[in-house]
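So you can see what is in the structure, the chains are spelled out below.
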Amino acid sequence: MINTDENCGGCNFSCLNDRRGSGSLKWDYWKERGRSESLIPMWVADTDFKTCSRITKDIIDTANHAIYGYSEPKDDYFSVLQKWHYDRYGLTVEKDYWVQTPGLVFALAHFVRALTQENDAVLICNPVYYPFSEVVVENNRKLVVAPLNYDKKSGEYSLDYAAIEAKIKENAVKLWFFCSPHNPVGRVWTKEELKKVGEIAKKHGVFIVSDEIHCDIVYSERKHTVFWCADESFADFSAVMTSRGKSFNIAGLQIGEVFIKDKAVREKFKQEIVKSGYSQRNIFGLIGTRAAYLAGADYLDELVPYLQKTRDYLTAFIKSELPKFKASPVQGTYLSWVNMSAVTDNHTELKAFVEDKAGLWLDSGTMFGKSGAGFERINFAA
């Protein structure tokens, strides 16, 4: 039923695709979210590109089979997953380490419940993807924030190791949600930076969950290092989460891959999944994600340079036409983090400026924490 010899090259990312009327969160839910239909939506982090043709073909073949019963990934799924991570990142993944989830936010919440008790402290580094804080607070854990350092001149962010270590000691932090590449500030952490992160966590007995969902979207001046590849000992006290959802615009297929070496942690995590009532994966998610691993390399190798050109265009436009604004250097992801505080750092006033004057629907910086005041996140994968 499933083809095995077709690759996904020759993609036309400049083609205009009308997503209106498709149930798209980005394009169709302006009314429900209190926006005007006239706004250009550049907020939620999916792309406006058609996915790899092989993914579409395999899903259509499955649909034509017309039986959509309970499904599980077979051995060949793990084989292509394993090959993808080794070929692209030098990461060797053992099958025992692997747990599938219907997404990575789902996984974050289950790590909270598996590894902490109520009122235990969980660390994040703001500004950061807002579900990091939501799953902590909604599960009655203590949210501890060690903000990233921001260089106003360059717009670049860095980790504040002293603040991180102080927060860990002051709050007896048990769990650290780490974003790599970082959403929304666009940093791709170096191997040396990751080593410092791991050394701090090891020293204080903190378990790290490294969210690497954007790992495939990294530009030519940087290279993504999987957290486990920074130092092989880091796998003993951390988990790596990834997905092809961002890379191939298949987030709606809801497949996340979680790698956990520590058997005791892995069993606790899996038990929380059992408690939630989740068992078999979505058949189309399995088929589509397998196709991405098997035949998506060419698609991705064309997508990233295209996005890099778009990034460069946007950065140059802001510099020349909006000189009072400051775009942080985007080393990875397709999200630009722009300091617009020259207009105002008041959330309500900035929202009005962006929507009423610019005609854009963006993600407000305050969604990503207090340190995001005066910023807006722009999705340029359009």
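Residues numbered from 1 in each chain as written. Predicted model: local features only at pLDDT ≥ 70, side-chain atom pairs only at ≥ 80, totals over all residues. Heavy atoms only, no water.

(A) Region of the structure containing the nonpolar core. Of all hydrophobic cores here, the largest spans 82 residues; its most connected members are Ile164, Trp176, Trp228, Phe248, Leu307 and Tyr334. With 7 residues, the single largest contributor to this core is helix α11 (residues 297–321). Not counting the four nearest positions on each side in its chain, Leu307 is found in contact with Phe49, Ile217, Tyr219, Tyr334, Phe380 and Ala381. Ranked by size, the runner-up nonpolar core spans 26 residues in total, among them Ala109, Val122, Phe177 and Met241. (Core = buried A, V, L, I, M, F, W, Y, C linked by side-chain atoms within 4.5 Å. Buried < 20%, exposed > 50% of the residue type's maximum accessible area, 1.4 Å probe, protein only. Helix = DSSP H or I, 4+ residues; strand = E, 2+ residues; numbered from the N terminus. Contact = heavy atoms within 4.5 Å.)

(B) Quick look at the sheet that holds strand β14 (residues 363–364). Within the open sheet, the 4 strands sit side by side as β11-β12-β15-β14. Their pairing is antiparallel. Because the sheet does not close on itself, it has two edges, and the strands there are β11 (326–327) and β14. (Pairing = 2+ DSSP bridges.)

(C) Just the packing of aromatic side chains, in detail. Within this structure, the stated rule accounts for 30 aromatic pairs. Judged by centre distance (6.0 Å) and plane angle (80°), the ring pair of Tyr97 and Trp228 falls under edge-to-face. Within this pair, whereas Tyr97 is found in the loop between α3 (75–89) and β2 (98–101), its partner Trp228 is found in helix α8 (residues 227–230), the two being separated by 131 residues in sequence. For the pair Tyr97 and Trp228, a shared accessibility class is recorded, and that class is buried. Pairing Phe325 with Phe353 gives two aromatic rings, centres 6.3 Å apart and planes at 85°, and the pair type is edge-to-face. Of this pair, Phe325 sits in the loop between α11 and β11 while Phe353 sits in helix α12 (residues 347–357); the two residues are 28 residues apart in sequence, bridging distant segments of the chain. Accessibility expressed as a relative area gives 12% for Phe325, which makes it buried. Note on Phe353: relative accessible area 26%, which makes it partly exposed. Members of the aromatic cluster, connected to one another through ring pairs, are Phe13, Phe49, Tyr77, Phe78, Trp84, Trp98, Phe248, Tyr293, Tyr299 and Tyr306. Arg88 extends its terminal NZ or CZ atom over the ring of Trp84, reaching a point 4.8 Å from the ring centre. (Phe/Tyr/Trp six-rings, centres within 6.5 Å; stacked < 30°, edge-to-face > 60°. Lys NZ or Arg CZ within 6 Å of the ring centre and 35° of its normal.)

(D) Expanded view of the packing of helix α2 (residues 53–65) against helix α10 (residues 283–295). Packing of α2 against α10 brings their axes to within 8 Å, and their N-to-C directions diverge by 145°. The element α2 and its partner α10 pack so that their crossing is right-handed. Facing Arg54, Ile55, Asp58, Ile59, Thr62 and Ala63 of α2, the residues of α10 in contact are Ile283, Phe284, Ile287, Gly288, Arg290, Ala291, Ala292, Leu294 and Ala295. Here the residues of the contact of α2 with α10 are counted per class, giving 10 nonpolar, 2 polar and 3 charged. (Axes fitted to C-alpha atoms, helices over the stretch in contact; angles between N-to-C directions. Left-handed = near helix turned anticlockwise from the far one by under 90°. Nonpolar A, V, L, I, M, F, W, Y, C, P; charged D, E, K, R; others polar.)

(E) Broad picture of the pairing of strand β3 (residues 121–124). With burial as the criterion, each face of β3 is covered, one bearing Ala121 and Leu123 and the other bearing Val122 and Ile124. In this fold, the crossover linking β3 to strand β4 (residues 142–145) by way of helix α5 (residues 131–138) has right-handed handedness. Sheet topology note: the β3/strand β7 (residues 175–179) ladder contains 2 bridges and is parallel. The partner of Leu123 across the bridge, within β7, is Trp176. (Right-handed = clockwise from strand over helix to strand, strands pointing away.)

(F) Layout of α5. Residues Pro131, Phe132, Val135 and Val136 constitute the buried set of α5. One side of α5 holds all its buried residues, which, seen down the axis, span an arc of 140°. Buried residues belonging to α5 abut α4 (104–115), β3, β4, β7 and β8 (207–211). Looking one or two residues beyond α5, the residue adopting positive phi is Asn140, at roughly 60°. (Arc of directions from axis to C-beta.)

(G) Quick look at the pattern of salt bridges. A full pass over the atoms with the stated rule returns 26 salt bridges. Of the charged contacts, one joins Glu165 and Lys203 as a salt bridge, the two residues approaching to 2.9 Å between their closest N and O atoms. Of this pair, Glu165 sits in helix α6 (residues 161–171) while Lys203 is found in helix α7 (residues 191–204), placing the two residues 38 residues apart along the sequence. Under the relative-accessibility criterion, Lys203 is labelled exposed at 60%. Linking Arg311 and Asp312 is a salt bridge whose minimum nitrogen-to-oxygen distance equals 2.9 Å. For Asp312, a relative accessible area of 37% corresponds to the partly exposed category. Taken together, the shared-partner salt bridges connect Arg19, Lys26, Asp46 and Asp48 into one network. (Salt bridge = Lys/Arg side-chain N within 4 Å of Asp/Glu carboxyl O.)

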